[in-house]
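Structural characterization, general
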Amino acid sequence: LEKTYELIKNEPGRYLLYVVASALLVGTVVPAILLSLVDLGPPGLTLYLIMLSPGFLIFLVAIIPFLQVGMEKRRVNQIMPLFVTHMASMVTSGLPLEKVFGYVADMRDYGIIAENCGQIQNLVVNYGMTVSEACRFVAQDIKNDMERDFFIRLAHAIDVGDEMGVFFNYEQ
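A brief structural summary. Counting restarts for each chain, with residues numbered from 1 along the sequence as it is written. Totals for whole chains, interfaces and linings use every residue, but because this is a predicted model, local features are given only for residues with pLDDT of at least 70 and side-chain atom pairs only at 80 or more, for both listing and counting. By convention in this description, side-chain values take in all heavy atoms of the structure and omit both hydrogens and water.

1. Points about the overall build of the protein chain
- From N to C terminus, the protein chain includes eight helices and zero strands.
- Helices and strands appear in the protein chain in the N-to-C order α-α-α-α-α-α-α-α.
- In the protein chain, the proportion of contacts linking residues at least 24 apart, taken out of those at least 6 apart, comes to 52%.
- The Shrake-Rupley method, run with a 1.4 Å probe sphere, supplies the accessible areas, and residue values consider only the shown protein chains as cover. Total accessible area on the protein chain is roughly 10,600 Å²; 62% of this is exposed by carbon and sulfur atoms. Strands are runs of DSSP state E lasting at least 2 residues, helices are runs of H or I lasting at least 4, and numbering of each runs from the N terminus. Any two residues having at least one pair of non-hydrogen atoms within 4.5 Å are treated as being in contact.

Following this line, the structure appears as structure tokens:
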């Protein structure tokens, strides 16, 4: 399911092609096999249910990842204010921003936001990027508008030399 989730997140058109191909295969082969194995007599409700069941299953397979993506977006939108408040408290306590990203990355309660903070910290520590460059780089792949915009605003604030405490107070 995780592989499917990544595919739909990054390439929804390709995922839908897989679903359509599966629907054609299952929608024609399965009913043909069922109809050849079972003598239903005159066409009736059972025949229609056999013909419709593969389509219903394919519909479920197609819709579940879309629902999961929507649930993740809502979760990020709900947790974002807490994340910003937590970052603000750490920044105003005097922690360097690189360390703040490291602490947040270890907090799995933030889900995908923590993963993105971990990527930012990794780029800064291991690849020599500045925090603003890393924020912009990671923001390119973030699908959630609220989270992406936050990291872009943070990068701009760092570039122009804004005081981080002031920036986070505005963000709250």
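After presenting the structure, the write-up continues.
2. Structural notes on the side chain of Ser132
- Here Ser132 is to be found in helix α6 (residues 131-139).
- In this structure, Ser132 is in contact with Ala155, Ile158 and Asp159, ignoring residues within four places of it in sequence.

3. A closer look at helix α8 (residues 164-171)
- For α8, the full list of buried residues reads Met164, Gly165, Phe167 and Phe168. Angular distribution of buried residues about the axis of α8 spans 160 degrees; they occupy a single face of the element. Those residues of α8 that are exposed and angled more than 90 degrees off the buried face are Asn169 and Tyr170. Burial status follows relative accessibility: with a 1.4 Å probe on protein chains alone, a residue under 20% of its type maximum counts as buried, one over 50% as exposed, and anything between as partly exposed. Note that the arc is computed from the directions linking the helix axis to the C-beta atoms.

4. Here's the deal with a nonpolar patch on the surface
- In this scheme, patches are assembled from residues that exceed 30% relative accessible area and form no salt bridge. Like charges are connected within 9 Å, while nonpolar side chains (Val, Leu, Ile, Met, Phe, Trp, Tyr) are connected within 5 Å. By definition, a salt bridge exists where a carboxyl oxygen of Asp or Glu is found within 4 Å of a side-chain nitrogen of Lys or Arg. Taken together, the side chains of Phe56, Leu57, Phe59, Leu60 and Ile64 define a hydrophobic patch exposed on the protein surface, amounting to about 490 Å² of accessible area.
- You can see Ile64 is positioned in helix α3 (residues 45-92).
- For Ile64, a relative accessible area of 42% puts it in the partly exposed group.

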